[in-house]
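Structural overview for review
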Amino acid sequence: LLWDQPQEAMMKARLFGETLVSMIFEQENMKEVYPLKQWEKINELYKHYIIQDEIYKKFEYIRKNGNIAVHQVTDVDLEVAKQAHKDLFDLSVWYTEVYVSHTFNAPEYELPSKQIQDPHIVKKWMDEYQEKIAEIEIKLEQLKQEKKLLLTVLSRTLFLIHLLTMLLLIFLQL
């Protein structure tokens, strides 16, 4: 897709960027009072120091060039699509290191091969990729449940501390 249809690749890159930003919003428990546009979400993440300058620029590059691919008739330059592909890789690595596993060791970035892939090989790769996504989603859900449980325990502990403090104060006044 990258080599044969850079415009389509940019459209897909834009969608991936939108999905990743939404995932970060969810991870950071950032609520939208009203639906935000992609540029607003990226700015919110940057404004709250959730993403740094380098990550911000990568999201913006993908968003802006993806918008050009979607809304303008002109062809997307192959070099723009290749840069977006690299940026998507970098963003994916960053997301994995921050939100999935701090011990993640990313492979070196490589541009995809120009040769046409056997559809069976691509399907096998996609099936494996879907399995990995499912595993990550399960782990994410487990972490959410653990977080919820810890917050409940913390809340109850703070209540008990407050209650004991009040009882102690009452006891000392007697």
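Our structure's up above, just so we're on the same page.
Everything in this summary refers to the structure shown in the same document. (Residues numbered from 1 in each chain as written. Predicted model: local features only at pLDDT ≥ 70, side-chain atom pairs only at ≥ 80, totals over all residues. Heavy atoms only, no water.)

A few words now on the overall build of the protein. From N to C terminus, the protein includes five helices and zero strands. By the compact-globule yardstick of 16 Å for 174 residues, the protein is too spread out, its C-alpha radius of gyration being 23 Å. Across its three principal directions, the C-alpha atoms of the protein cover 85 × 35 × 25 Å. Counting over 174 residues, the protein shows a buried share of 26%. Restricting to contacts in the protein with at least 6 residues of sequence separation, those with at least 24 account for 62%. Charged side chains in the protein number 21 positive and 27 negative. The centres of these two groups are separated by 5 Å. (Helix = DSSP H or I, 4+ residues; strand = E, 2+ residues; numbered from the N terminus. Rg over C-alpha atoms; globule rule 2.2 N^0.38 Å. Buried < 20%, exposed > 50% of the residue type's maximum accessible area, 1.4 Å probe, protein only. Contact = heavy atoms within 4.5 Å. Lys, Arg positive; Asp, Glu negative; His and termini not counted. Charge placed at Lys NZ, Arg CZ, Asp CG, Glu CD.)

Core analysis: the largest hydrophobic core is formed by 28 residues, its most contacted members being Met 10, Ile 24, Leu 45, Ile 50, Ile 51, Phe 59 and Trp 94. If you list the elements that add at least two residues to this core, you get α1 (6–27), α2 (38–47), α3 (53–71) and α4 (78–100). With eight residues, α4 is the largest single contributor of residues to this core. Leaving out residues up to four positions away in the same chain, Leu 45 has contacts with Val 21, Ile 24, Phe 25, Met 30, Ile 50 and Ile 51. (Core = buried A, V, L, I, M, F, W, Y, C linked by side-chain atoms within 4.5 Å.)

Right, let's talk about the environment of Tyr 109 for a bit. Here Tyr 109 lies in the loop between α4 and α5 (119–173). We classify Tyr 109 as partly exposed; its relative accessible area is 21%. Between the C-alpha atoms of Tyr 109 and Leu 91, which are 18 residues apart in sequence, the distance is 12 Å. Those residues within four positions of Tyr 109 in sequence are excluded, and the remaining contacts are Lys 82, His 85, Lys 86 and Phe 89. There is a polar contact of 2.7 Å between the side chain of Tyr 109 and the side chain of His 85. (Polar contact = N/O pair within 3.5 Å; in protein donor to acceptor, adjacent residues only side chain to side chain.)

Structurally, the position occupied by Lys 82 is in helix α4. For Lys 82, a relative accessible area of 18% gives the class buried.

Below, the discussion takes up unusual backbone geometry. Despite not being glycine, Asn 29 shows a phi value in the positive range, around 55°. Within the element layout of this structure, Asn 29 appears in the loop between α1 and α2. For Tyr 49, which is not glycine, the phi torsion reads 60° and is therefore positive. Mapped onto the elements, Tyr 49 comes out in the loop between α2 and α3. Exposure remark for Tyr 49: the relative accessible area of 71% places this residue in the exposed category.

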